[in-house]
Amino acid sequence: RDQVQVAGSSTVLPYASIVAEAFGENFDFPTPVVESGGSSAGLRRFCEGVGENTIDIANASRAIREKEVAACAENGVTDIVEVRIGYDGIVFASRIEGPAYNAFSPSDLFNALGAKVLVDGQLVDNPHTKWSDFNADLPDADIIGFIPGTNHGTREVFEEKVIAAGCEATGAFQAMMDAGMSEDDAEDACLATRSDGLSVDIAGDYTETLAQLSANPNGIGVFGLAFYENNQDTLKVATMDGVMPSTASISTGEYPVSRPLYFYIKEAHIGVIPGLKEFASFFVADELAGPDGPLAEYGLVSDPALAETQATVAGAGS
Amino acid sequence: MPVIWILTLILVFSIIGFFLGRARAMTSAGGDMRSLHSLPSYYGYNSALFLAVPSLILLGLWLILQPIYIESRISSLLPETAISEDTTRSLVMSDVRRVAEGLDVAVDQGAMTADEARNIRTEFVDVRERLGSVGVALGSEVDAPILNAAQQYRELSSTMNIVMTVLVLALGAAGLTFSYVRTDKDFRARNVVESVIKGLLILASTIAILTTVGIVFSMLFETRNFFTQYNWVEFFFGTVWDPSFSGRGGLSEFGLIPLLWGTLYISFIALSVAVPIGLFAAIYMSEYASPRMRSFAKPVIEVLAGIPTIVYGLFALITVGPFLRDFIAEPMGLGSSSSSVMTAGLVMGIMLIPFVSSLSDDIINAVPQAMRDGSFGLGATHSETIRQVVIPAALPGIVGAILLATSRAIGETMIVVLGAGAAAKLDLNPFEAMTTVTVKIVSQLTGDTDFSSPETLVAFALGLTLFVMTLGLNVLALYIVRKYREQYE
Amino acid sequence: MSDATANSTPATPSASSLFKQDDRVKRRNAAEKRFKAYGLTAIGVGVTMLIILVSSVLSQGLSSFRQTFVTLPITVTQAEFEAAEASMLKTGKYKKLIQRGLEQRLATAELGDVVSIKDAMGLLSGQAPADLRMAALANQTWPLRQEFRFLANGRVDGYFKGRVTMEIAERDSRISPEQLELSQQLADAGIMETRFNRGFLTRTDGSPTRPEAAGLGVAFLGSLYMMMVVLALALPIGVATSIYLEELAPKNRWTDLIEVNISNLAAVPSIVFGILGLAIFINFAGLPQSAPLVGGLVLTLMTLPTIIIATRASLKSVPPSIRDAALGLGASKMQTVFHHVLPLAAPGILTGTIIGLAQALGETAPLLLIGMVALVQNYPSAPPAGLEDPATALPVQVYIWTTRSDPAFVERASGAIIVLLAFLLIMNIAAILLRRRFERRW
Amino acid sequence: MNDMRLTERAVDTNQLKITARDVQVFYGDNHAIKDVTVDIQDKTVTAFIGPSGCGKSTFLRCLNRMNDTIDICRVEGKILLDDEDIYDKRVDPVQLRAKVGMVFQKPNPFPKSIYDNVAYGPKIHGLARSKTELDEIVETSLRRAALWDEVKDRLTAPGTGLSGGQQQRLCIARAVATSPEVLLMDEPCSALDPIATAQVEELIDDLRSRFSVVIVTHSMQQAARVSQKTAFFHLGNLVEFDDTTKIFTNPEDPRTESYITGRIG
Amino acid sequence: MNDMRLTERAVDTNQLKITARDVQVFYGDNHAIKDVTVDIQDKTVTAFIGPSGCGKSTFLRCLNRMNDTIDICRVEGKILLDDEDIYDKRVDPVQLRAKVGMVFQKPNPFPKSIYDNVAYGPKIHGLARSKTELDEIVETSLRRAALWDEVKDRLTAPGTGLSGGQQQRLCIARAVATSPEVLLMDEPCSALDPIATAQVEELIDDLRSRFSVVIVTHSMQQAARVSQKTAFFHLGNLVEFDDTTKIFTNPEDPRTESYITGRIG
Ligand SMILES: Nc1ncnc2c1ncn2[C@@H]1O[C@H](COP(=O)(O)OP(=O)(O)OP(=O)(O)O)[C@@H](O)[C@H]1O
Ligand SMILES: Nc1ncnc2c1ncn2[C@@H]1O[C@H](COP(=O)(O)OP(=O)(O)OP(=O)(O)O)[C@@H](O)[C@H]1O
Ligand SMILES: [Mg+2]
Ligand SMILES: [Mg+2]
Ligand SMILES: O=P([O-])([O-])[O-]
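Within an unreviewed UniProt entry, the label attached to chain C reads Phosphate transport system permease protein PstA, and the organism entered is Thalassobacter stenotrophicus. In its Sequence similarities (unreviewed entry) section, the UniProt entry covering chain C states "Belongs to the binding-protein-dependent transport system permease family. CysTW subfamily."

Structure (structure tokens):
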């Protein structure tokens, strides 16, 4: 096999594709083959072993987990180089002609989508059907939210940074603890989303969320920042705690909902698969991953610590 | 000699063998083929087969075994030092292979002489650069043991290649000679050729069996793993499907019932659309339509089977879903979900129409005209004839077509995801979102879960369950067909 | 059908006129009419649905066969070429060369001050420098001086196709109304034009930032290779299996088991075939990932049940008297099957093949697991070697494009579906013609 | 058609059931029936005889429009049943065929049980008010076709599993069960043994008391035994049509004579 | 089977072609042939007669193993062709059927052209060295089956578009074309007119000079005319088997007598 093979996160996919394309245009190596399929599936393939018919790089929209490292090791994939390429912002957007969902706080989203919420100091099964039921500032429109399915890395961020935060902010978390739940159980209970059809899991991609919104103009959807930026003709974005999502506000940490993006290199393949190391270095080069590079232009929040990453990659495999 | 050449040679020799065999048979019969046991061409095929089959089998086996043998030989020659601690033997071997191939390419392109390729040393030549110049990219510098191994690799493969060529051709010649000697006017050439063909047919039918075995085995172990981690009673009888995912921890619930219900419900609606429409279309095309209309309508409807399911999915999501919600579900107070069982079922039904219509059309068309005549002659109308004579006679085929459509309905994911949503619910209301087993197989398999966690493994359990269930369905169908089959003539 | 009101004793001869229909006959005829109407309606429904689906695809996708281009004068000297090739980001250097050409052209058209030169460069596709580099590499005489036709940016292209409007541009951070303004003026000046887009059929897929450069070349080849594999394997194996099971095998529990088992295979979700293919062909047999060969093998396994079921059904429907006739003449089973039964069963076999191939051609899920849902930018070489090169497939391309964020890919995806359907039709025409030849009643 | 004059006059005395005038039948370019004019009387058995391939079956099939089902077949001329043109647009072939039943040359039982084969016609025409009545019709019909004793124990066995002659009788039973006004029988006894033949001939004679029967046969003896009128076809032409006794004792046309006297079978 | 002794002795003088011993045939539970023992001589026409459904066709189909194709059919006993057991495992039924040709009761032409129908057998058995030879075989066979004149202008027309009798003769031509050693004919003349019947009977007589012919017929006259030996079947039993003249003039068994004397047909 002559070309580098990459698989994994659908969030990282566009960036990896952009880099692969540029790599093919600028180097004599063949263009790497970049597959999608999700972070977990990518890492699973990555950990299948070493050798020509396994992939060289796994993209992930989350850090590799302990269990995965162990599984890798079991199959002989021991040396893994972790490369963080930047951050991805997660935004809440709705149809441009839909209700005026302009500003949310985690509490609002928790009140709208959580399974059990606090109403008049009582913990009850979520009774809200309209946004205005719990926040008079929000439009008097039916609640319907399209959130990433459990197969997406994005879901984890959504739960941690929005739902869990909202749970605490509304006091529901405290109420649960008071009701005698252990902390772990309370956390779990916080993260549960309502199951009466007003919170819809999207197992597919953001385009599916977009299509759902066009079928349900009242809905709000969870998107990646880059996706939103590409679809400003049909979508409008809401602020979170008053902060407008943008690469700038995310890189400063002002906008709360974001997550790091990674790729993992199989060190054993460096020196064996032609172009692997070159590709990895090229990926994190300033010309690409820097704040003015094409990745940032597409929507990647570039990593302030890029220089360290470059050094890690340069040192890999030797 | 390249394999393609060997294949060509075998082919050419087989053709020659064919004529030789035939000629010998004719001579042995004194030029009168009437005194031959079989038609002359069977003697030809006999010779050709005896030449081709053994040599092809040998070739195939050799091609599979040669790399394994060479790898093990070369790899045993590689010094331990050549394998650094962070790599493995197999990776080094792939490097060796690549260098060897690079040398081949270089020789082919004239960038190196054969001698040079055999004797170059890393000390004197930058092999990576030399190979890079002929377009073979290497991952790293080539060190001496690897180059050495690569050169031996080339050597060994070229000798093995020569041996293989000679052996394969010799075996072919032996086969030809054997069959040639046996060829005689009383030799039962047809029987031999036909048993070879029968052997091939049996071989072909084992593929389906092997596929099943493969599928069952690829799911069996994982399913067993799943059931060591999750209680089977809760799986089969649980009514809640709520897998957690690794990011969150917490307990998952894997109740099969809601998924099963969704599968049955959606398939049922899809079939209630596809079967009547497909069957009536088939009947119209084969019984009423003019040949011209039929030759137009049939392929046109078949296009429905070729439209990618994503198109149907988007059609369901964007057009059918909101339509049903706004004009049926909401006015009737049946909910306000745009994704619903009904949406997915209707759209899937459309996709399945050609499965029912085209296959049934062929079968109905094959019912002998005498059957229809018999019925017409008794004063039956065309529709009575169709319902009571033609359809029963075509029943096995029609059931087959419906089964095929059912199978597609059960196996479909895209339309369900976009049309019916992904929520596992147990509800009678057809305007509610539900989902199917297959969708969950896909989403658990591609999901953000650990490989050995029950969240992933449940996909295999679901797959196996589905497999067993559809098996039951098929047994039932076979039984029904057997019971009601009406064999004409 | 029993009818209480009907006469049990036959009417006396000539009591009733042929022209006058009695009630029962009227009812039966009405039933007949209804029955026929159902049939016609059924066909109508099928055809209408097809028209709706196809026309929506066409209306969305036809525009992908046209594309907006910008024609610029380009000069590349040998020194510039060598300098560009020596740098790391080579395309960046070529971009500068293009910018020089654009400035020149804007100046002659007196449009130089509408927007900044950076924004003006934004009208061009990111693909432009790469295209120029390819041309420069192919060129051997210096300096290179030529009018080049570059792809325009996807949003500009959308503007000419009506997808992007000034209001949208207002909101869109990636294009400004001024840029569209300039595009319009360039178009008026004949520098920018929308014309037939051959690249859509021949180019490889592009990255998500370049919808305008995305083409179906690799996907088309991949699908073609896979269909070659599927046709070469599934049809003969399927027919062989059916012949064995239906005509030669003894009828016993064992063959019943095989029969049930095959119909059951048809119900196996396609992704499971992907799992199987990954396990057998890639992990066990060591075939490469993302290869049309593996894809073809997996799709063969998936298509086989369909072909077998259709073939067996039509073999069954050949009247036994035909077999008796041949056997009675001393034909062997094999001869009977191949000379008489198979030709009579051919229409059904071809139908099964058509439907099976249609299914195989449109399938994505199993390809996901064997690595064919990917960005592949190198064309696979000619078969047989090319069967092992990485490639994608038409439905995969559709899938990939529908998941991309840029709305310009919606048009591409629909365009790909049109190509896929055309491919399917071409593939089927031979089968349909053959089927018509074999159709007969006895 | 000069030779027909006399016959026509002779026929007038009896009531006419079917009148065919200048009937032409074409299979594509093949002119299979040429200018046939014939009158079939009520309560009479008419026999069609003639060498194989002369068009007997074809003409018979015209009488209940069974030729409609053959694409390439074209029928011209006029055929009246009870003075109504059966090829008229307003005529429903279904109703016609209910009145004019048919037994085909090749036995074609439905792939159903013996019982269902016979019950099929009565069911679609609603001739039985109850199951017992239907059972009765089935039994009577099978008895009349001389098949009852052989099949009474296996009425649920498929009709296709019968012997050739049994299938033929089954088809006769099936046709009789619908009580048609005219029964067209294409060589109904070709596969029958003498005893069964005698029983079927008895049946025909019996039917004649109420209906009109047209029978195609190759056996001169049979024609002579059962029919009152005989038509002799040759190469698509109706050569002679007259009282059976007349045809067999004193044929007008030399062709008829030579066919009759070459009698063998 | 006492009544068979005499017959067997009489037969010994001539060369035996087929010897059947204690043959039993079952269709599922239906015992269709019971203990039949019969000897068929070479260069002889043997006629099988008996009432419809008595098992004539079934027994005939045993002689070239056509019953193999019916799933539910089970054959027991021994049948020897030229002293070789045809139900032996080593016997290739294909070769057997090439030697023992068959004309079926229901004409079953292939849905191919008339020419191809007849040429098929010679082709698969390699009986013709060239196209002209094949043409010759086809023409001779069609002539022998008395069909040539009727079809010579339309050899490429489909065989299924022929009249009933024509189809029957086509099937005869098809069987004759392969030059079998034994020809089994199941009611070959049932759909034929007297002239065609005569021609086929002539053909049978002609074949007898070289081959053995077994013919099933319902016509006593025909049996008497063409056969030298006659077997009378009744309810699956072989009641009597003897020289044709003996059977028709002086039958031993009362059942035979009553069947013969009830002669009609
Ligand atoms: N395929 C079959 N399945 C079941 N039973 C059968 C089958 N074929 C024949 N039989 C039965 O076997 C018996 C003998 O049938 P056979 O066809 O041999 O009669 P036959 O003497 O040829 O009669 P015919 O003169 O009417 O043709 C009959 O009772 C018949 O119903
Ligand atoms: N379906 C058909 N297509 C074409 N030609 C046909 C068709 N049916 C019959 N013929 C031709 O029409 C002519 C008359 O056929 P028909 O069946 O009426 O003969 P017939 O008198 O019934 O003969 P038989 O006594 O042999 O049954 C024949 O030449 C025959 O070949
Ligand atoms: Mg006829
Ligand atoms: Mg019989
Ligand atoms: O594909 P993911 O980035 O959502 O894992």
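A few points about the overall build of chain A
Secondary structure assignment for chain A yields 14 helices and 14 strands. Its C-alpha atoms put chain A at 65 × 45 × 35 Å along the principal axes. The buried share of chain A, taken over its 318 residues, is 65%. In chain A, 72% of the contacts between residues at least 6 apart in sequence involve partners at least 24 apart. For chain A, the exposed surface amounts to about 10200 Å²; the carbon and sulfur share of it is 48%. Of the side chains in chain A, 17 bear a positive and 48 a negative charge, and the two mean positions are spaced by 5 Å.

Remarks on the interface of chain D and chain B
At the interface, 23 residues of chain D touch 22 residues of chain B. Together, the buried faces of chain D and chain B total about 1800 Å²; carbon and sulfur atoms form 62% of this surface. Three residues, Pro111(D), Tyr120(D) and Ile124(D), lead the burial of chain D against chain B; their summed loss comes to 31% of the area buried on that side. Scanning the region where chain D abuts chain B turns up one salt bridge. Across the pair Arg61(D) and Asp373(B) runs a salt bridge, and its minimum N-O distance is 3.6 Å. Inspection of the chain D/chain B interface yields five residue pairs in polar contact (both at pLDDT 80 or more). When contributions to the side of chain D that touches chain B are tallied by element, the ones reaching two or more residues are helix 3 (93-99), strand 6 (100-103), helix 4 (114-125) and helix 7 (164-177) of chain D.

Let's talk about the coordination of the magnesium ion (ligand 3)
Residue and element names in this part refer to chain D. Distances from the magnesium ion (ligand 3) to its protein donors, Ser57 (OG) and Gln105 (OE1), fall within 1.9 to 2.1 Å. Highlighted residues: Ser57 in helix 2 (residues 56-63) and Gln105 in the loop between strand 6 and helix 4, separated in sequence by 48 residues. By relative accessible area, which is 18% here, Ser57 ends up buried.

Observations regarding the site of ligand 5
All names here are of chain A. The local shell around ligand 5 consists of Ser9, Ser10, Thr11, Gly38, Ser39, Ser61, His152 and Gly153. In the environment of ligand 5, an oxygen atom lies 2.5 Å from a nitrogen or oxygen atom belonging to the side chain of Ser10. Summarising the interface, the protein chains cover 99% of the accessible area of ligand 5, which totals 200 Å² for the free molecule. Classifying every residue of the shell around ligand 5 gives no nonpolar, eight polar and no charged.

Considering empty space enclosed by the protein
Under the counting rule described, the total for this entry stands at 12 cavities of 30 Å³ or more. Roughly 140 Å³ of internal volume is contained in the second largest cavity. In this structure, the second largest cavity is lined by 14 residues; those nearest its centre are Gln105(D), Pro107(D), Gln105(E), Pro107(E) and Ser190(E). Broken down by secondary-structure element, the contributors of at least two residues to the lining of the second largest cavity are helix 7 of chain D together with helix 7 (164-177) of chain E. When grouped by side-chain class, the residues that make up the lining of the second largest cavity number four nonpolar, eight polar and two charged.

As for the domain arrangement of chain C
All names here are of chain C. Examined at the domain level, chain C breaks down into domain 1 (63-197) and domain 2 (217-438). When each unit is reduced to the centre of its C-alpha atoms, the spacing between domain 1 and domain 2 is 44 Å. Contacts between the two partners involve nine residues from domain 1 and, on the opposite side, eight residues from domain 2. Across the domain 1 to domain 2 interface the summed buried area is about 620 Å²; carbon plus sulfur atoms make up 47%. On the domain 1 side of the interface with domain 2, the three residues burying the most area are Ser64, Phe65 and Arg163, jointly 64% of the side's total.

Side note on the UniProt feature "domain: ABC transmembrane type-1" (unreviewed entry) in chain C
The positions UniProt marks with the feature "domain: ABC transmembrane type-1" (unreviewed entry) are residues 220-431 of chain C. Between the first and last C-alpha atoms of residues 220-431 of chain C the distance is 20 Å; the span itself is 75% helix and 1% strand.

A closer look at the site of ligand 2
Among the 21 residues in the neighbourhood of ligand 2, the closest are listed as Ser52(D), Ser57(D), Thr58(D), Arg154(E) and Gly165(E). Chain contributions to the surroundings of ligand 2 come from chains D and E. In this structure, an oxygen atom belonging to ligand 2 sits 2.5 Å away from a side-chain N or O atom of Arg154(E). Out of a free accessible area of 630 Å², ligand 2 has 89% covered by protein chains. When the residues that make up the shell around ligand 2 are grouped by side-chain class, the tally is five nonpolar, 13 polar and three charged.

Examining the side chain of Thr204(C)
Mapped onto the fold, Thr204(C) is located in the loop between helix 9 (199-202) and helix 10 (217-248). Contacts of Thr204(C), omitting those with residues within four sequence positions, involve Ala213(C), Ala214(C), Gly215(C), Val218(C), Val376(C), Gln377(C) and Tyr379(C).

Observations concerning the interface of chain B and chain C
At the junction of the two partners, chain B supplies 96 residues and chain C supplies 83 residues. Interface area for chain B against chain C, summed over the two sides, is near 7900 Å², with a carbon-plus-sulfur share of 74%. Area buried by chain B at its contact with chain C is led by Leu201(B), Phe280(B) and Tyr284(B), which between them contribute 7% of it. The tally of links from chain B across to chain C stands at 15 residue pairs in polar contact (both at pLDDT 80 or more).

Digging into the state of the cysteines
Residues and elements named next belong to chain A. Inspection of every chain in the model, using the stated rule, returns two disulfides over all chains. The disulfide partner of Cys47 is Cys72, and the gap between their sulfur atoms is 1.8 Å. Between Cys47 and Cys72, the S-S dihedral sits near -65°, and the bridge is therefore left-handed. Placement of Cys47 in the loop between helix 2 (39-46) and strand 3 (57-60) and of Cys72 in helix 3 (residues 66-74) is noted, with a sequence separation of 25 residues between them. The pair formed by Cys47 and Cys72 is uniform in burial state, with each residue classed as buried. Linked covalently through their sulfurs, Cys167 and Cys190 form a disulfide whose S-S length is 1.8 Å. The S-S bond linking Cys167 to Cys190 shows a torsion near -60°; that makes this disulfide left-handed.

Comments concerning the pairing of strand 10 (residues 237-243) of chain E
Residue and element names in this part refer to chain E. Most of strand 10 is tucked away, with five of its seven residues classed as buried. Bridge count between strand 9 (residues 229-234) and strand 10: six bridges; the pairing is antiparallel. When the bridges of strand 10 are listed, His234 appears paired with Asn237.

What to know about helix 13 (residues 369-377) of chain B
A large share of helix 13 of chain B lies buried, amounting to eight of its nine residues. Just beyond helix 13 of chain B, the residue with positive phi is Gly379(B), at close to 85°.

Quick look at the UniProt feature "transmembrane region" (unreviewed entry) in chain C
The feature "transmembrane region" (unreviewed entry), as annotated in UniProt, sits at residues 37-58, 224-245, 265-287, 293-315, 336-358 and 413-434 of chain C in this numbering. Taken end to end, residues 37-58 of chain C has its terminal C-alpha atoms 30 Å apart, with 100% of it in helix and 0% in strand.

Looking at the sheet that holds strand 2 (residues 144-151) of chain C
The pairing of strands in a sheet happens through backbone hydrogen bonds and is either parallel or antiparallel. All names here are of chain C. A sheet is described by the order of its strands in space; here three strands give the open sequence 2-1-3, paired in antiparallel fashion. Single-partner strands in this sheet number two, and they are strand 2 and strand 3 (192-196). This sheet shows a mean twist of 40° between the axes of neighbouring strands, independent of strand direction. Relative to strand 2, strand 1 (residues 66-76) runs antiparallel, the two being bridged by eight bridges. Each bridged residue has a counterpart across the sheet, and for Thr75 the counterpart in strand 2 is Arg145. On top of the sheet, helix 6 (residues 154-161) reaches strand 1 and strand 3; it is set at about 135° to strand 1, its chief contact.

Brief notes about unusual backbone geometry
A cis amide bond links Trp142(C) to the next residue, Pro143(C), at an omega of -10°. Structurally, Pro143(C) is set in the loop between helix 5 (127-138) and strand 2. One non-glycine residue, Asp241(A), adopts positive backbone phi at about 50°. Its place among the elements puts Asp241(A) in the loop between strand 12 (239-240) and helix 10 (247-251).

Details of the pattern of salt bridges
One pass over the full model with this rule turns up 80 salt bridges over all chains. Of the charged contacts in the structure, one is a salt bridge between Glu411(C) and Lys161(C), with a shortest N-O distance of 3.1 Å. In this pair, Glu411(C) sits in helix 18 (residues 408-438) while Lys161(C) sits in helix 6, placing the two residues 250 residues apart along the sequence. Residue Glu411(C) is classed as buried on the basis of its relative accessible area, which comes to 6%. Take Lys161(C): its relative accessible area is 24%, and that puts it in the partly exposed class. In this structure, Arg143(D) and Glu139(D) form a salt bridge, with 2.6 Å as the shortest nitrogen-oxygen distance.

Calculation criteria
- Residues numbered from 1 in each chain as written.
- Chains lettered and ligands numbered in written order.
- Predicted model: local features only at pLDDT ≥ 70, side-chain atom pairs only at ≥ 80, totals over all residues.
- Heavy atoms only, no water.
- UniProt positions renumbered as here; feature names shortened; annotations may be inferred.
- Helix = DSSP H or I, 4+ residues; strand = E, 2+ residues; numbered from the N terminus.
- Buried < 20%, exposed > 50% of the residue type's maximum accessible area, 1.4 Å probe, protein only.
- Contact = heavy atoms within 4.5 Å.
- Areas by Shrake-Rupley, 256 points an atom, 1.4 Å probe, with all protein chains shown as cover.
- Lys, Arg positive; Asp, Glu negative; His and termini not counted.
- Charge placed at Lys NZ, Arg CZ, Asp CG, Glu CD.
- Buried area = accessible area lost by both parts, 1.4 Å probe.
- Salt bridge = Lys/Arg side-chain N within 4 Å of Asp/Glu carboxyl O.
- Polar contact = N/O pair within 3.5 Å; in protein donor to acceptor, adjacent residues only side chain to side chain.
- Donors = N, O, S within 2.8 Å, 3.2 Å for Na, K, Ca; no water.
- Near = heavy atom within 4 Å.
- Nonpolar A, V, L, I, M, F, W, Y, C, P; charged D, E, K, R; others polar.
- 1 Å grid on protein atoms, 1.4 Å probe; cavity = no way out; pocket = protein on both sides within 12 Å on 5 of 7 lines; lining within 4 Å.
- Points joined across faces, edges and corners; volume = space filled by probe spheres on them.
- Domains from an automatic or database assignment.
- Disulfide = S-S within 2.5 Å.
- Pairing = 2+ DSSP bridges.
- Axes fitted to C-alpha atoms, helices over the stretch in contact; angles between N-to-C directions.

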